[in-house]
Amino acid sequence: MRPDENTLQQLAMPDAEVYFAPAFIRSPQSDVYFERLLREANWQQESIKLFGREVPMPRLTAWYGDKAYTYSGLQNKPQPWLPVLQELREKVEQASGQKYNSVLLNFYRTGQDSMGWHADNEPELGRQPSIASLSFGGERRFAFKHRTRQDLRPVPLILSHGSLLLMQGPTQHHWLHQVPKTSKSVQPRINLTFRFVNS
Ligand SMILES: O=C(O)CCC(=O)C(=O)O
């Protein structure tokens, strides 16, 4: 591991403030976190309305925190923090210098699980939200796409086991992000996005 792989480095993206550490948590410890999260989180299969039809979300989710939050049109009832989530929250708060009172967990079971283009810009998150995104398990491709500037190419990123991606400042205002489906064989992946939800 290169010495800087566990510290956040800023990505060169205009209209954004994005930092990435590919190995924020080292491998043996990340293996343990993956197993604990898989076992301990209260995973739900939520549905979304698509063209008037209820369809299952292409991933499992779990929402923990202090405040209710509306996400993808769903009112998320928060569950109280698990010790493993408290532990991870402390680590990301220390690295980012920000405070988080909520976390959304996503479980991508196969390459067919995914998350489409979106921004984390719900009003409860405030104008310039700080979103800290931790990944465990199989690597997945991730991409940013500028909302309006056609001259900018999408910015691809590989979200590795134990990586931390920090998005803040004007990022959600100007950029969308996604985790596309893949036909490659990939290991299951768990992602946690820590947020601060205002009341
Ligand atoms: O799984 C990921 O890396 C993306 C998660 C995400 O975009 C979200 O929870 O809003």
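For the protein chain, the name recorded in an unreviewed UniProt entry is 2OG-Fe(II) oxygenase, with Pontibacter flavimaris as its organism. Taken from UniProt, the Cofactor (unreviewed entry) comment for the protein chain reads in full: "Fe(2+)".

Colleague: Give me the lowdown on the side chain of Gln79, citing residues and values where you can.
Modeller: Structurally, Gln79 can be placed in the loop between strand S7 (74-76) and helix H2 (83-96). At a separation of 2.8 Å, a polar atom in the side chain of Gln79 contacts the side chain of Asn42. If we skip the residues at most four places from it in the chain, Gln79 touches Asn42, Ala62, Trp63, Tyr64 and Gly65.

Colleague: Provide a residue-level description of the site of the ligand, including the pertinent values.
Modeller: Lining the immediate environment of the ligand, one finds 15 residues, of which Tyr108, His118, Asp120, His177 and Arg189 sit closest. With respect to the ligand, the side chain of Asp120 contributes an N or O atom lying 2.9 Å from an oxygen atom. At a separation of 2.7 Å, an oxygen atom of the ligand approaches a polar side-chain atom of Arg189. Surface burial for the ligand is 99%, taken as the share of its 290 Å² of free accessible area covered by protein chains. Most atoms of the ligand, that is more than half of them, are within 2 Å of grid points of the largest cavity.

Colleague: Can you tell me about the sheet that holds strand S10 (residues 131-137), naming the residues and giving the values?
Modeller: Strand order across the open sheet formed by 7 strands is S1-S2-S13-S10-S15-S8-S5, with antiparallel pairing between neighbours. Bordering the open sheet on either side are strand S1 (9-10) and strand S5 (60-65), each of which pairs with just one other strand. Along the sheet, H2 contacts S5, strand S8 (102-108), S10, strand S13 (163-168) and strand S15 (189-195); its crossing angle with S15, the most-contacted strand, is approximately 60 degrees.

Colleague: Could you give an account of the environment of Leu37, with specific residues and numbers?
Modeller: Structurally, Leu37 is set in helix H1 (residues 27-40). With 48 residues separating them along the chain, Leu37 and Leu85 place their C-alpha atoms 8.4 Å apart.

Colleague: Let's hear about the UniProt feature "binding site: 2-oxoglutarate" (unreviewed entry) in the protein chain: which residues, and what values?
Modeller: When the UniProt feature table is mapped onto this chain, "binding site: 2-oxoglutarate" (unreviewed entry) is found at Asn106, Tyr108, His118, His177, Arg189, Thr193 and Arg195. Those annotated residues that line the largest cavity are Asn106, Tyr108, His118, His177, Arg189, Thr193 and Arg195. Examined against the element boundaries, Asn106 turns out to sit in strand S8. Accessibility expressed as a relative area gives 1% for Asn106, which makes it buried. In this structure Asn106 touches Trp43, Arg59, Leu60, Thr61, Met115, Arg189, Ile190 and Asn191, once residues within four positions along its chain are discounted. Of note is the side chain of Asn106, whose polar atom sits 3.3 Å from the side chain of Arg59. Its location among the elements puts Arg189 in strand S15.

Colleague: So what about the pattern of salt bridges? Which residues, and what values?
Modeller: Enumeration over the complete set of coordinates arrives at 7 salt bridges. Between Arg39 and Glu40 there is a salt bridge; the shortest N-O distance is 3.9 Å. Take Arg39: its relative accessible area is 61%, and that puts it in the exposed class. For Asp113, the salt bridge goes to Arg109, with nearest N and O atoms at 2.7 Å. For Asp113, a relative accessible area of 6% corresponds to the buried category. Among the residues examined, Arg109 registers a relative accessible area of 32% and is labelled partly exposed. What emerges from the salt-bridge pattern is a single network uniting Arg36, Arg39, Glu40 and Glu87.

What counts and what doesn't
- Residues numbered from 1 in each chain as written.
- Predicted model: local features only at pLDDT ≥ 70, side-chain atom pairs only at ≥ 80, totals over all residues.
- Heavy atoms only, no water.
- UniProt positions renumbered as here; feature names shortened; annotations may be inferred.
- Helix = DSSP H or I, 4+ residues; strand = E, 2+ residues; numbered from the N terminus.
- Polar contact = N/O pair within 3.5 Å; in protein donor to acceptor, adjacent residues only side chain to side chain.
- Contact = heavy atoms within 4.5 Å.
- Near = heavy atom within 4 Å.
- Areas by Shrake-Rupley, 256 points an atom, 1.4 Å probe, with all protein chains shown as cover.
- 1 Å grid on protein atoms, 1.4 Å probe; cavity = no way out; pocket = protein on both sides within 12 Å on 5 of 7 lines; lining within 4 Å.
- Sits in = over half its atoms within 2 Å of the grid points.
- Pairing = 2+ DSSP bridges.
- Axes fitted to C-alpha atoms, helices over the stretch in contact; angles between N-to-C directions.
- Buried < 20%, exposed > 50% of the residue type's maximum accessible area, 1.4 Å probe, protein only.
- Salt bridge = Lys/Arg side-chain N within 4 Å of Asp/Glu carboxyl O.

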